[in-house]
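This is what each chain is made of:
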Protein chains: 2
Amino acid sequence: MPRPIRLNAFDMNCVAHQSPGLWRHPEDRAWDYRKLSYWTDLAQLLERGRFDGLFIADVLGIYDVYGGGRDATVRHATQVPVNDPAMLISAMAAVTEGLGFGLTASISFEHPYPFARRMSTLDHLTDGRVGWNVVTSYLDSGARNLGAAAQLTHDNRYDVADEYLEVCYKLWEGSWEDDAVLRDRAAGIFTDPAKVHGIEHEGEFFKVPGIHLCEPSPQRSPVIYQAGASARGRQFAAEHAEAIFTAAPTKEILKETVGDIRRRMREVGRDPYDARIYNLLTAIVDETKAKAWAKHDDLERYGDDEAALTLFSGWMGVDLSRYDLDDPIGEVESNAIHSAVAAFQQADPEGGEWTVRDIARWGVVGGLGPRVVGSPAEVADHMQEWIDYADVDGFNLAYAITPGTFEDLVEHLMPELRRRGVAPTEYPPGTLREKLFGEGPRLPDRHPGASYRDLGRSLAGAGA
Amino acid sequence: MPRPIRLNAFDMNCVAHQSPGLWRHPEDRAWDYRKLSYWTDLAQLLERGRFDGLFIADVLGIYDVYGGGRDATVRHATQVPVNDPAMLISAMAAVTEGLGFGLTASISFEHPYPFARRMSTLDHLTDGRVGWNVVTSYLDSGARNLGAAAQLTHDNRYDVADEYLEVCYKLWEGSWEDDAVLRDRAAGIFTDPAKVHGIEHEGEFFKVPGIHLCEPSPQRSPVIYQAGASARGRQFAAEHAEAIFTAAPTKEILKETVGDIRRRMREVGRDPYDARIYNLLTAIVDETKAKAWAKHDDLERYGDDEAALTLFSGWMGVDLSRYDLDDPIGEVESNAIHSAVAAFQQADPEGGEWTVRDIARWGVVGGLGPRVVGSPAEVADHMQEWIDYADVDGFNLAYAITPGTFEDLVEHLMPELRRRGVAPTEYPPGTLREKLFGEGPRLPDRHPGASYRDLGRSLAGAGA
């Protein structure tokens, strides 16, 4: 039996997520990000396609590396303006039943005590369909606005993240016992106070003595997402994440990445398949190969080289305005750029040496990830090939234009995937965790968060 | 022509807002606060009644004064569990067109930079129907969980609040000029960077050099709510607030309070009617006086004395568990309690000396505010009398049971108010600010927030 292909949609509460300049395409609706109907329509579309989830990226800050300032970034709306993603969830949850919502939130900008309440609230309101993309990095341009609290070094940030998650797990998993809430009208007892515990956390970065403010939600801990690419980020993902988002440019690199993640998961005592891994992909699909390529070429025409370079300069920390568009990419001082280009060249060995313009051109349709263009059968073949080769679970699908790219996937690709028996016709029952793994709704016992479930007993033991 | 009566609904993302024990009433749906449908149904109900808004209270912490701990509070679900109110707004906005949403958020728990983005996002998504209830106080039980950042003295808190609002106004009003966003597809310019300004704020508590992350929303600054009762709080309200929530127990005290607020507004250079003032009220209404009183007595039976005392102990900082229910209220060491009781006694001079039990009994139906029970005509008479006497604009209506109390108001009271020509049949057009004042959508020029509109020009001048 062929292996199922899991699909996830990638968006952001802004105008131009990963398709620089394409807000100018006449069919793009991205600038409607300010309107609820954009999001409720998108959620319903993705639910019709039985996507696992909508992953909403976020940055709290702006890209100010290109040209040494923000002007080009602001002009091209390169992920700015950018609105708060959490505010979108309840409206989308109200018009869907199966779609999951992966919300990006940085541990640098909010204390875990109110944050844990925010996520529990969303888990209640979505009936257990919420995930948290744990972000440990941030843009300096954002941190500068938040003062000293956000000024931590990169390595230190992961130590903070470990403790941040510990506080959250204690609140989510340990503070309220399963049978604490009685709702006993006759006895006049809503909650049994003996079964609600202050977490008594005293760590290096946080002191949280109190109880969680929320009663247990369907999943308790939301599904933990992680998208970090560094070795430390990958280790963090291996320890905590249940949905991991990679951005490998070739299937060979992806195979190595996925193998490394699953190996690390085994090493920390988890099942290597306790995390679903999605690789970034931009898929341009239409009824036929010719139509798909015509669509691709039309999209590409609306791309903007400078807009792309504002984004990539921000990502890589290299001011690409210092180069001419015709400069060979080899002259750019950025290992990240070289790795990406080497990988793209491997996929297209006859392309010759790339220039700065080439990397910009590549990036305008869905960013710096891999891309596939073709008929439904071609795209499905491509996906199945990567899945089988790299042991990945599915794809995190970026858009070129929105919702057009997603509409094409639902209209053209999903029927083909269903015909092949690799995509679901209905959602599995239950919470997001149950839909992803067939078990739940709570974290599996082998997840580190599960170790805080006996908090009440262990605190009582310590006090006795 | 009689003066219009403005209605506002008062709720909280928890089980028992201000009706201790009434979650046990068979018709109460309050424990469905975890479900989206509770909130979307409520929003649609209030919209049918043409309420100005739904004001969602919040506390980040628990009441732990009664009995010197949290046990009784947890047992009675006295405003705990309590979920995040901000997560409710977008779902309610999606099913309504005219209702406003007043969101409570404390300046003690989140940095103004991400908070300003959160509010701008909501203002976009609601098409300009959002208000912010600025809270400067907090429960110690909450602050203890958030570390040193939240440990400020009461007086200092208002200084922080002044600067917090200054940062927000600069971001909301001054960072993006009205014509900054061009969306010019032909020229490839989404935003003109010359019209977006870093706010360069350097104050005592916050340093925020950057630009606001959001493009201008319909109202820019949300409608500012204030509900503080101290002299300093009243001054803060006079300076900033556009909707002020009082809780005077008698119309005489209310007249004094409203007069003082409007006088203070005039003193700071605002129009004294630039704020709508709503007094707290619990109204139990039915077709006839007899039915209303039968309903009231039925509700009261479900009240819980101890639950009421957990709430009042928390509010007043006095452990009422140290008294016997039959103790005369005069023995309780709390000026706040004495003032409230004196006012209630004035309304009911034949009631004799109150005991601790009496104050608990009063409080179970809608908290410590004033109460009216009667036929639609009686309740309307009462409201008109208070409005005319005290120069107040309307009422902030607490529930005894939810949504039952609100259903009664919409079904029984609204037709009577409309018949008298004092309640609207349709919402005025535009944003919440326009619905409240007939002008907008932006802050009026005489509001202090409006002084930050020329930020770009003044920064350029300073730099020249």
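Everything below is about the structure printed above this text.
So, a few notes on the structure that sits alongside this text. (Residues numbered from 1 in each chain as written. Chains lettered and ligands numbered in written order. Predicted model: local features only at pLDDT ≥ 70, side-chain atom pairs only at ≥ 80, totals over all residues. Heavy atoms only, no water.)

Mapping chain A onto chain B calls for a screw motion: a turn of 180° about the axis and a shift of 0.0 Å along it, with 0.0 Å RMSD after fitting. Those values place the two copies in the arrangement expected of a two-fold rotation axis. For chain A, the minimum C-alpha distance to the rotation axis belongs to A:Ala91 and amounts to 1.9 Å. When the interface residues of chain A are mapped onto chain B, 100% of them again lie at the interface, so the same face is used by both copies. (Least-squares fit on C-alpha atoms with pLDDT ≥ 70 in both. Contact = heavy atoms within 4.5 Å.)

Turning our attention to the pairing of strand S10 (residues 243-246) of chain A. Residues and elements named next belong to chain A. The side-chain alternation of S10 yields two buried faces, one formed by Ala243 and Phe245 and the other by Ile244 and Thr246. For strand S9 (residues 223-226) and S10, the ladder comprises two bridges, and the chain directions are parallel. Within S10, the residue paired with tyrosine 225 across the bridge is alanine 243. The parallel pair S9 and S10 is bridged by helix H7 (residues 231-240), and the resulting crossover is right-handed. Direction of pairing for S10 relative to strand S11 (residues 276-285): parallel, over a ladder of four bridges. (Buried < 20%, exposed > 50% of the residue type's maximum accessible area, 1.4 Å probe, protein only. Helix = DSSP H or I, 4+ residues; strand = E, 2+ residues; numbered from the N terminus. Pairing = 2+ DSSP bridges. Right-handed = clockwise from strand over helix to strand, strands pointing away.)

Another point: the interface of chain A and chain B. Between chain A and chain B, the contact holds 72 residues from the first and 72 residues from the second. For the chain A face of the interface with chain B, the top three residues by lost area are A:Met87, A:Asn145 and A:Arg185, together amounting to 12%. For the pair chain A and chain B, the number of links is eight salt bridges. The shortest N-O distance in the salt bridge between A:Arg117 and B:Asp58 comes to 2.8 Å. For the interface between chain A and chain B, the tally reads 35 residue pairs in polar contact (both at pLDDT 80 or more). (Buried area = accessible area lost by both parts, 1.4 Å probe. Salt bridge = Lys/Arg side-chain N within 4 Å of Asp/Glu carboxyl O. Polar contact = N/O pair within 3.5 Å; in protein donor to acceptor, adjacent residues only side chain to side chain.)

Among the structural elements, B:Leu60 can be located in the loop between strand S2 (53-57) and helix H2 (71-75). If sequence neighbours within four positions are ignored, B:Leu60 has contacts with A:Tyr113, A:Pro114, A:Arg117, A:Leu213, B:Phe109, B:Gly142 and B:Leu146.

So, on to unusual backbone geometry. A cis geometry characterises the amide bond from A:Val80 onward to A:Pro81, with omega recorded as 0°. Positionally, A:Pro81 belongs in the loop between helix H2 (71-76) and helix H3 (89-94). Look at A:Glu200: it is not a glycine, yet its phi comes out positive at around 50°. Structurally, A:Glu200 is set in the loop between strand S6 (189-191) and strand S7 (201-202). One non-glycine residue, B:Asp391, lies in positive phi territory at about 60°. Note that B:Asp391 resides in the loop between helix H13 (376-390) and strand S13 (394-397). Among the residues examined, B:Asp391 registers a relative accessible area of 22% and is labelled partly exposed.

Quick look at the packing of aromatic side chains now. The geometry of an aromatic ring pair comes down to the distance between the two centres and the angle between the two planes. Per the stated rule, a full pass over the model turns up 38 aromatic pairs over all chains. With centroids separated by 5.2 Å and ring planes inclined at 85°, the aromatic side chains of A:Phe190 and B:Trp23 adopt a geometry described as edge-to-face. Taken together, the residues span two chains, with A:Phe190 in strand S6 and B:Trp23 in the loop between strand S1 (6-12) and helix H1 (36-48). With respect to burial, A:Phe190 and B:Trp23 carry one shared label: buried. Seen in terms of ring centroids, B:Tyr225 and B:Phe245 are 5.2 Å apart; in terms of plane orientation they differ by 35°. Their pairing is tilted. Linking B:Tyr225 in strand S9 (residues 223-226) with B:Phe245 in strand S10 (residues 243-246), this pair joins segments that are 20 residues apart in sequence. Relative accessible area serves as the criterion here: at 6%, B:Phe245 is assigned to the buried category. One aromatic cluster in this structure is built from A:Phe10, A:Phe55, A:Tyr225, A:Phe245 and A:Tyr278. The lysine or arginine in question, A:Lys251, covers the ring of A:Tyr389, its NZ or CZ lying 5.3 Å from the ring centre. (Phe/Tyr/Trp six-rings, centres within 6.5 Å; stacked < 30°, edge-to-face > 60°. Lys NZ or Arg CZ within 6 Å of the ring centre and 35° of its normal.)

On to the packing of H7(A) against helix H8 (residues 251-267) of chain A, then. The relative placement of two packed helices comes down to the angle between their axes together with the axis-to-axis distance. Residue and element names in this part refer to chain A. Closest axis-to-axis distance for the H7/H8 pair is 8 Å, and the angle between their directions is 55°. Taken together, H7 and H8 sit at an angle that is classed as oblique. The handedness of the crossing between H7 and H8 comes out as right-handed. When H7 is examined against H8, the residues Ala231, Arg234, Gln235 and Ala238 are found in contact with a partner set consisting of Thr257, Asp260, Ile261, Arg264 and Met265. By residue class, the composition of the contact of H7 with H8 is four nonpolar, two polar and three charged. (Axes fitted to C-alpha atoms, helices over the stretch in contact; angles between N-to-C directions. Parallel < 35°, antiparallel > 145°, perpendicular 65-115°, else oblique. Left-handed = near helix turned anticlockwise from the far one by under 90°. Nonpolar A, V, L, I, M, F, W, Y, C, P; charged D, E, K, R; others polar.)

So, about the environment of A:Gln18. Residues and elements named next belong to chain A. Tracing the chain through its elements places glutamine 18 in the loop between strand S1 (6-12) and helix H1 (36-48). Overall, glutamine 18 belongs to the buried group, its relative accessible area being 7%. Along the sequence, glutamine 18 and valine 95 sit 77 residues apart, while their C-alpha atoms lie 26 Å from each other.

It is worth spelling out the pattern of salt bridges at this point. All names here are of chain A. The tally for this structure, following the rule as stated, stands at 88 salt bridges over all chains. Arginine 453 is the partner of glutamate 173 in a salt bridge, and the nearest nitrogen-oxygen pair spans 3.2 Å. One end of the pair, glutamate 173, is in helix H6 (residues 154-174); the other, arginine 453, is in the loop between helix H15 (432-437) and helix H16 (455-463), with 280 residues separating them in the sequence. On the accessibility criterion, glutamate 173 (3% relative accessible area) is buried.

Before going further, it helps to spend a moment on the packing of helix H10 (residues 305-316) of chain B against helix H12 (residues 356-363) of chain B. Residue and element names in this part refer to chain B. Close contact between H10 and H12 brings their axes to 8 Å; oriented N to C, the two are set at 90°. As far as their axial angle goes, H12 and H10 are roughly perpendicular. Residue-level contacts link Asp305, Ala308, Leu309 and Phe312 of H10 to Val356, Arg357, Ile359, Ala360, Arg361 and Gly363 of H12. Taken together, the residues that form the contact of H10 with H12 break down as six nonpolar, one polar and three charged.

Residues and elements named next belong to chain A. With 10 of 10 residues buried, S11 lies mostly within the body of the structure. Of the two faces of S11, the one lined by Arg276, Tyr278, Leu280, Thr282 and Ile284 and the one lined by Ile277, Asn279, Leu281, Ala283 and Val285 are each fully buried. With respect to chirality, the unit in which S10 leads through H8 into the neighbouring parallel S11 is right-handed. Bridge analysis of S11 against strand S13 (residues 394-397) gives four bridges, and the strand direction is parallel. What sits directly across from tyrosine 278, in S13, is glycine 394. Examined bridge by bridge, S11 and strand S12 (residues 371-374) share four bridges and lie parallel to one another. Opposite valine 285, over in S12, you have glycine 374 as the bridge partner.

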